[in-house]
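# Tertiary structure, described
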Amino acid sequence: MDKIRKICVVTGSRAEYGLLYWLMKEIQQDPQLELQLIVTGMHLSPEFGLTYSIIEQDGFIINEKVEMLLSSDTPVGIAKSIGLATIGFADALARLNPDILVLFGDRYEILAAAQAALVEKIPIAHIAGGDTTEGAFDEAIRHSITKMSHLHFVTNEIAAKRVRQMGENPEHIFNVGSPGIDQIKRLKLLSRERLEQELGFKFKEKNLLITFHPTTLDDRPAKVQFQELLQALDSFGSEMGLIFTKPNSDTEGRTLIHMIEDYVAVHENARAYASLGQLRYLSTIAQVDAVVGNSSSGLYEVPSFKKPTVNIGDRQKGRLKASSVIDCEPIASDIVKAIYQALTGDFSNTVNPYGDGYSTERIICKLKQITNPKSLLKKHFYEVDF
């Protein structure tokens with residue numbers, strides 16, 4: 001590789017940033033690569049903690065900020081936010097003119113970035129395509145980004161097979177594992193005492209970490225499902241420590257945030273945080289007895305701690321799951337039963353199916369091996385022989 005290659009990374013949420021952190025660090029430190037960084041979505045919102053400041057504290061230079069979030073979590077508000085994001089990314093990418101754009105996952109702001117890059121003829125490297133999550137419109141967004149992308153860094157072999165089924169070139173599909181495991185492998189986690197100081201929370205004898213996002217395709221409103229979860233938590237009484245992380249800026253997300261704040265206000269055993277950051281979040285997983293909710297983290301990262309995940313409802317339906325993941329319906333009695341199973345089971349033999357913690361090195365290696373990124377732009381549909 002003769003000239004320095006410009007690799008542009010987009011991040012729009014706290015969770016995704018944590019998963020991209022080591023990849024960004026490695027790009028930043030590689031003499032053959034230049035890191036360009038676009039920050040968008042919840043990072044720029046006071047409501048979600050203005051987490052772009054954490055990115056800067058971590059030593060990254062933000063090249064572009066794409067403002068796109070309306071103060072609305074209705075379907076119309078989300079659709080308009082996608083439109084604003086597409087306009088913003090069109091300008092940002094034209095100014096930066098990267099050689100390769102790196103996108104992670106399935107959020108709607110990432111869809112906007114992919115749309116802009118596609119028509120501006122910027123090759124896209126997509127991380128974590130090929131998974132399936134039947135309970136949210138993220139499913140369709142993820143597959144759409146796959147079809148707009150040119151390099152596919154999937155987290156498991158089943159996902160790789162799905163990407164091949166979508167007609168993508170097998171030579172451009174790489175099973176690298178989940179970058180989230182890299183974080184667990186590299187970070188020195190906080191002690192229980194230090195974590196208690198940072199959270200302002202005294203752990204109980206038993207504790208749960210709870211993250212519940214809206215199920216955007218479900219017939220039952222998210223607030224109804226979340227009320228079932230709160231009812232289930234009440235049955236464990238004040239001796240159970242409850243740590244909530246607030247949901248993303250999805251449809252109905254603000255409704256759930258208000259419900260969490262109201263619940264925490266009258267339960268001394270509960271605390272809620274807009275953003276824990278990766279170090280505190282992973283340190284909390286290490287200290288609690290189970291993770292409860294419907295976040296992808298419960299499937300991707302938590303099994304590496306050999307801790308149980310109570311996975312509620314259909315939001316993650318279809319994803320590859322470790323033996324430590326306990327599925328249940330969004331009904332209070334089912335959730336109570338699943339939490340009891342989590343608290344009494346033995347999960348010491350759990351194997352994380354999402355890799356070995358060397359995802360970053362594999363991605364960097366492949367990004368540097370592509371001799372002419374522009375040659376990726378014209379794609380041939382590869383037929384799968386069934």
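Anything mentioned here points back to the structure above.
Please read these numbers as outputs of a predicted model, since none were measured by experiment. (Residues numbered from 1 in each chain as written. Predicted model: local features only at pLDDT ≥ 70, side-chain atom pairs only at ≥ 80, totals over all residues. Heavy atoms only, no water.)

### Details of empty space enclosed by the protein
Throughout the structure, instances matching the rule amount to two cavities of 30 Å³ or more. Within this model, the largest cavity holds a volume of roughly 590 Å³. Every residue lining the largest cavity is counted, 30 residues in all, and those nearest its centre are A15, E16, N248, S295 and S296. Contributions of two or more residues to the lining of the largest cavity are made by α1 (14-29), α5 (138-148), α11 (277-287) and α12 (297-300). For the lining of the largest cavity, the class distribution of residues is seven nonpolar, 14 polar and nine charged. (1 Å grid on protein atoms, 1.4 Å probe; cavity = no way out; pocket = protein on both sides within 12 Å on 5 of 7 lines; lining within 4 Å. Points joined across faces, edges and corners; volume = space filled by probe spheres on them. Helix = DSSP H or I, 4+ residues; strand = E, 2+ residues; numbered from the N terminus. Nonpolar A, V, L, I, M, F, W, Y, C, P; charged D, E, K, R; others polar.)

### Some details on the packing of aromatic side chains
A full pass over the atoms with the stated rule returns 10 aromatic pairs. Seen in terms of ring centroids, Y17 and F60 are 6.3 Å apart; in terms of plane orientation they differ by 90°. Their pairing is edge-to-face. Pair noted here: Y17 is in helix α1 and F60 is in the loop between α2 (52-57) and β3 (64-66), with a separation of 43 residues, a long-range link. Y17 gets classed as buried once you look at its relative accessible area, which sits at 7%. For the ring pair F212 and F226, a centre distance of 5.6 Å and an interplane angle of 35° mean the geometry is tilted. Pair noted here: F212 is in the loop between β8 (206-211) and α9 (222-234) and F226 is in helix α9, with a separation of 14 residues, a long-range link. The burial state of F212 is the same as that of F226; both residues are buried. The structure contains a cluster of three or more aromatic residues connected by ring pairs, namely Y17, Y21, W22 and F60. Here K25 stacks its cationic end above the ring of F60, 4.7 Å away from the centre of that ring. (Phe/Tyr/Trp six-rings, centres within 6.5 Å; stacked < 30°, edge-to-face > 60°. Buried < 20%, exposed > 50% of the residue type's maximum accessible area, 1.4 Å probe, protein only. Lys NZ or Arg CZ within 6 Å of the ring centre and 35° of its normal.)

### As for the nonpolar core
Counting 36 residues, the largest nonpolar core has I127, F153 and L367 as the members making the most contacts within it. Secondary structure elements with two or more residues in this core: β1 (5-11), α1, β2 (33-40), β4 (100-104), β5 (124-127), β6 (151-154) and α14 (359-369). In terms of residue count, the dominant contributor to this core is α1 (eight residues). The residues contacting I127, other than those within four sequence positions of it, are L20, L23, V102, L103, F104, G105, F153, P179 and I363. Membership of the second largest hydrophobic core comes to 33 residues, among which are L208, I210, F244 and A332. (Core = buried A, V, L, I, M, F, W, Y, C linked by side-chain atoms within 4.5 Å. Contact = heavy atoms within 4.5 Å.)

### So, the sheet that holds strand β12 (residues 309-312)
Spatial strand order, β10-β9-β8-β11-β12-β13: six strands in an open sheet with parallel pairing. The strands lining the two open edges of the sheet, one partner per strand, are β10 (270-273) and β13 (325-328). Neighbour-to-neighbour, the strand axes of the sheet open up by a mean angle of 20°, direction not taken into account. Judged from the four bridges that link them, β12 and β13 form a sheet pairing that is parallel. Note on β13: the bridge partner recorded for N311 is D327. Helix α13 (residues 332-344) rests against β8, β9 (240-245), β11 (290-293), β12 and β13 of the sheet, and its axis sits at about 165° to β13. (Pairing = 2+ DSSP bridges. Axes fitted to C-alpha atoms, helices over the stretch in contact; angles between N-to-C directions.)

### As for the pattern of salt bridges
Under the counting rule described, the total for this entry stands at 22 salt bridges. Two residues, R142 and E139, come together in a salt bridge whose shortest N-O distance is 3.8 Å. Of this pair, R142 and E139 both sit in helix α5, three residues apart, roughly one helical turn. Across the pair E168 and K379 runs a salt bridge whose closest N-O atoms are separated by 2.7 Å. Linking E168 in the loop between α6 (157-165) and β7 (173-175) with K379 in the segment after α14, this pair joins segments that are 211 residues apart in sequence. A relative accessible area of 3% means that E168 is categorised as buried. Residue K379 is classed as partly exposed on the basis of its relative accessible area of 36%. (Salt bridge = Lys/Arg side-chain N within 4 Å of Asp/Glu carboxyl O.)

### Examining the sheet that holds β4
The seven strands are arranged β3-β2-β1-β4-β5-β6-β7 in an open sheet whose pairing can be described as parallel. Both outer strands of the open sheet, β3 and β7, are each paired with one neighbouring strand and no more. With direction set aside, neighbouring strand axes in the sheet form an average angle of 20°. Alignment of β4 against β5, held across four bridges, turns out to be parallel. Bridge assignment links F104 to a residue of β5, and that residue is I127. Those strands touched by α5 are β4, β5 and β6, and its axis lies near 145° from that of β5.

### As for the layout of surface pockets
To locate leftover empty space, one rolls a probe as large as a water molecule over the atoms. Space inside the largest pocket adds up to approximately 330 Å³. Every residue lining the largest pocket is counted, 17 residues in all, and those nearest its centre are I54, D58, G277, Q278 and L279. Among the residues making up the lining of the largest pocket, the classes are represented as six nonpolar, seven polar and four charged.

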